[in-house]
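# Structural characterization, general
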Amino acid sequence: MQHAVVERELEVRLILSPERSVPVPARLRYRTDDPYAVHVTFHTGSDHPVSWTFARELLVEGVFRPSGHGDVRVWPTKTEGRGVVLMALSSPDGDALLEAPTAQVSAWLERTLRAVPPGSEAEQLGIDEGLAELLAPTPADELWLCDPWPSDESKDGE
């Protein structure tokens, strides 16, 4: 099975306060061999980019309505008349509020949805084939499946 990667570079804004934000280069990444997840890497200027992985479904839903809870929350809003998607990320290292342009996020998500339509993710993983292979009887299974005590009655009639 051929696997594909759908990537997009974009600039998000790290919201520091209601009046102040800074630009952060980011990369959205989707792999068809990991069909339920999206990967977002933020290049914060340090030697080590910060990466987050969460459900693609959460981001798809978050473009339209508040989605998620706990560590990752996503919701749409407008800033200066343009649509943006806000992502609130929480970790033991701290919290971040990031703003991404809805149009760019949506266009990238559409590409991921064309690559792996919703509901077909399990097919990408080959779960059905893997289970069929695991559950297929082998010659050794035949020995285990036969009854070692074919009958409770002895042949001698004892």
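Residues numbered from 1 in each chain as written. Predicted model: local features only at pLDDT ≥ 70, side-chain atom pairs only at ≥ 80, totals over all residues. Heavy atoms only, no water.

Bringing the overall build of the protein into the picture now. A count of helical and extended segments in the protein gives five helices and eight strands. Listing each helix as α and each strand as β along the protein from the N terminus yields β-β-β-β-α-β-β-β-β-α-α-α-α. Out of the 158 residues belonging to the protein, those deemed buried represent 28%. Here the analysis covers contacts within the protein between residues at least 6 apart in sequence; of these, 36% occur between residues at least 24 apart. Put simply, the protein shows about 10,800 Å² of open surface, and 54% of that area lies on carbon and sulfur atoms. (Helix = DSSP H or I, 4+ residues; strand = E, 2+ residues; numbered from the N terminus. Buried < 20%, exposed > 50% of the residue type's maximum accessible area, 1.4 Å probe, protein only. Contact = heavy atoms within 4.5 Å. Areas by Shrake-Rupley, 256 points an atom, 1.4 Å probe, with all protein chains shown as cover.)

The next point concerns the pairing of strand β1 (residues 5-17). Strand direction decides the pairing type here: β1 and strand β2 (residues 20-31), joined by twelve bridges, are antiparallel. Bridge pairing in β2 places valine 6 opposite tyrosine 30. In this antiparallel pair of consecutive strands, β1 and β2, the connection spans two residues. Summarising the sheet, β1 and strand β8 (residues 94-101) pair through two bridges and their orientation is antiparallel. Paired with arginine 13 across the two strands is glutamate 99, which belongs to β8. (Pairing = 2+ DSSP bridges.)

Phi at glutamate 80 is positive, roughly 50 degrees, even though this residue is not glycine. Of note, glutamate 80 is situated in the loop between β6 (72-79) and β7 (82-91).

This paragraph deals with the pairing of β2. The side chains of a regular strand alternate, first on one face of the sheet and then on the other. Taken together, the four bridges between β2 and strand β3 (residues 37-42) define a ladder with antiparallel strand orientation. Bridging from a neighbouring strand, arginine 29 pairs with histidine 39 of β3. Taken together, β2 and the strand that follows it, β3, pair antiparallel across an intervening segment of five residues.

The strand order across the open sheet formed by eight strands is β4-β3-β2-β1-β8-β7-β6-β5, and the pairing between neighbours is antiparallel. For this open sheet the edge positions go to β4 (50-55) and β5 (67-69), each flanked by a neighbour on one side alone. Taking the axes of each pair of neighbouring strands and ignoring which way they run, one obtains an average angle of 35 degrees across the sheet. Each of β1, β2, β3, β7 and β8 is contacted by helix α2 (residues 102-115), which is oriented at about 150 degrees to β1, the strand it contacts most. (Axes fitted to C-alpha atoms, helices over the stretch in contact; angles between N-to-C directions.)

Once that is clear, we can look at the nonpolar core. Nonpolar side chains in soluble globular proteins tend to end up buried together. Grouped together as the largest cluster of nonpolar side chains are 26 residues, with contacts concentrated most on Val12, Phe42, Phe54, Leu59 and Trp108. Looking at this core element by element, the count peaks at four residues for β2. Setting aside residues up to four positions removed in sequence, phenylalanine 54 forms contacts with Tyr36, Ala37, Val38, Val40, Leu59, Val72 and Met87. (Core = buried A, V, L, I, M, F, W, Y, C linked by side-chain atoms within 4.5 Å.)

We now examine the side chain of glutamate 121. By the secondary structure assignment, glutamate 121 is in helix α3 (residues 121-125). The class of glutamate 121 is buried, set by a relative accessible area of 12%. A polar side-chain atom of glutamate 121 sits 3.0 Å from a polar atom in the side chain of arginine 56. Of the polar contacts made by the side chain of glutamate 121, one reaches the backbone nitrogen of glycine 119; its length is 2.9 Å. When residues no more than four places from it in sequence are discounted, the contact partners of glutamate 121 are Pro35, Tyr36, Arg56 and Val116. (Polar contact = N/O pair within 3.5 Å; in protein donor to acceptor, adjacent residues only side chain to side chain.)

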